[in-house]
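Chains, contacts and geometry: an overview
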Amino acid sequence: MTVPFGKLVALAREMVSLASAPSASTGETAQTVAALLTAEPRNEAGVLAVVTVIIRDALDDPFRETTANRWRPLLPRWVHPPLVGATVNRLRAAGVLVATGRYVRSTDSAGHNVGKLQAVYTLDVEALREHSAARPAAAS
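Now for a quick tour of the structure. Each chain carries its own residue numbering, running from 1 in the direction its sequence is written. Given that the model is predicted, a residue must reach a pLDDT of at least 70 before its local features are reported, and side-chain atom pairs must reach 80 or more before they are shown or counted; all residues, however, enter totals for whole chains, interfaces and linings. Side-chain calculation: all heavy atoms of the structure are included, whereas hydrogens and water are not.

Examining the overall build of the protein
The cut-off we apply is this: Only DSSP runs of H or I reaching four residues or more are called helices, and only runs of E reaching two or more are called strands; each is numbered from the N terminus. For each residue, the accessible area found with a 1.4 Å probe, counting protein chains only, is set against the maximum for its type, and the residue is called buried under 20%, exposed over 50%, and partly exposed in between. Contacts between residues were defined by any pair of non-hydrogen atoms, one from each residue, lying within 4.5 Å. With residues, only the protein chains shown are counted as cover, and all accessible areas are computed by Shrake-Rupley using a 1.4 Å probe.
On a plain count of helices and strands, the protein comes out with six helices and three strands. In the protein, the order of α-helices and β-strands from amino to carboxyl end is α-α-α-β-α-α-β-β-α. Expressed as a percentage of its 140 residues, the buried residues of the protein come to 41%. Look at the contacts in the protein between residues 6 or more apart in sequence, and 70% of them connect residues 24 or more apart. Carbon and sulfur atoms make up 59% of the accessible area of the protein, which amounts to about 7,900 Å² in all.

Following this line, the structure appears as structure tokens:
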């Protein structure tokens, strides 16, 4: 399935707008930090890049699955690793990325994570549509 780049950017912008409204009910420090990092206007280009790469990778998979091993090499070098983690955290909190319960071994030698287990996620396209429908102004 090929998705036009403009559509991916619109989806990524939607995720940026969702990040600026963190869930107050969780009260988790990691969620709060992730929300702050991804909502920071100076990080918008990085968040857009991460979301676009992840969504494109998942949409290219027949089962809509994705893992960092596949999309990590596609990220621009200027995107800082903490922003990648924060963006993934917000995608998970929004229900767009859902853990499958399966793991693969990391190939991340730059981050010294080779061999560590990392989650396999599936993209919940319906959750993404629901978020987009709930906030039509953010998709423009």
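Next comes the rest of the write-up.
Quick notes on the pairing of strand β3 (residues 117-123)
The condition that has to hold: One bridge is not enough; two strands pair if DSSP finds at least two bridges between them.
With five of its seven residues buried, β3 lies for the most part within the structure. As defined by bridge partners, strand β1 (residues 65-66) adjoins β3 across two bridges and the pair is classed as antiparallel. Bridging across to β3, Thr-66 finds its partner in Tyr-121. Where strand β2 (residues 97-105) lies against β3, six bridges are found, and the strand directions are antiparallel. Looking at the pairing, Ala-99 lines up with Tyr-121 of β3.

A closer look at the sheet that holds β1
With antiparallel pairing, the three strands of this open sheet are ordered in space as β1-β3-β2. Of all strands in the sheet, those with a lone pairing partner are β1 and β2, marking the two edges.

A short note on the packing of helix α3 (residues 44-60) against helix α5 (residues 81-93)
To keep it simple, the criterion reads: An axis is simply a line fitted to the C-alpha atoms; with a helix, the fit covers only the stretch in contact. Between two such axes, the angle follows the N-to-C directions and lies from 0 to 180 degrees. For classification purposes, an angle smaller than 35 degrees is called roughly parallel, one larger than 145 roughly antiparallel, one from 65 to 115 roughly perpendicular, and anything else oblique. Take the far helix as your reference; a near helix turned counterclockwise from it by less than a right angle gives a left-handed crossing, and one turned clockwise gives a right-handed crossing. Following the grouping adopted for this structure description, the nonpolar residues are Ala, Val, Leu, Ile, Met, Phe, Trp, Tyr, Cys and Pro, the charged ones are Asp, Glu, Lys and Arg, and the polar ones are all others, Gly among them.
α5 packs onto α3 with a crossing angle of 60° between their chain directions and a minimal axis gap of 10 Å. It follows from the interaxial angle that α3 and α5 lie oblique. Here the hand of the crossing between α3 and α5 comes out right-handed. Residues Gly-46, Val-47, Val-50, Val-51 and Ile-54 of α3 pack against Leu-83, Val-84, Thr-87, Val-88 and Leu-91 of α5. The residue makeup of the contact of α3 with α5, split by class, is eight nonpolar, two polar and no charged.

Side note on the environment of Thr-67
In this structure, Thr-67 sits in the loop between β1 and α4 (68-71). Residue classification places Thr-67 among the buried positions, given a relative accessible area of 8%. Sequence separation between Thr-67 and Tyr-103 is 36 residues; the distance between their C-alpha atoms is 8.8 Å. When neighbours within four sequence positions are excluded, Thr-67 is seen to be in contact with Asp-57, Val-104, Gln-118 and Ala-119.

Here's the deal with the nonpolar core
As a reminder, the rule being used: Put simply, buried Ala, Val, Leu, Ile, Met, Phe, Trp, Tyr and Cys residues joined by side-chain atoms within 4.5 Å make one nonpolar core.
Grouped together as the largest cluster of nonpolar side chains are 23 residues, with contacts concentrated most on Ile-54 and Trp-71. When contributions to this core are tallied by element, the ones reaching two or more residues are α3, α4, α5 and β3. It is α3 that provides the largest number of residues to this core, a total of nine residues. Non-local contacts of Trp-71, meaning those with residues more than four positions away in its chain, are made with Val-53, Ile-54, Asp-57, Thr-66, Val-84 and Val-88.

By themselves, these are just geometric observations and shouldn't be taken as functional.
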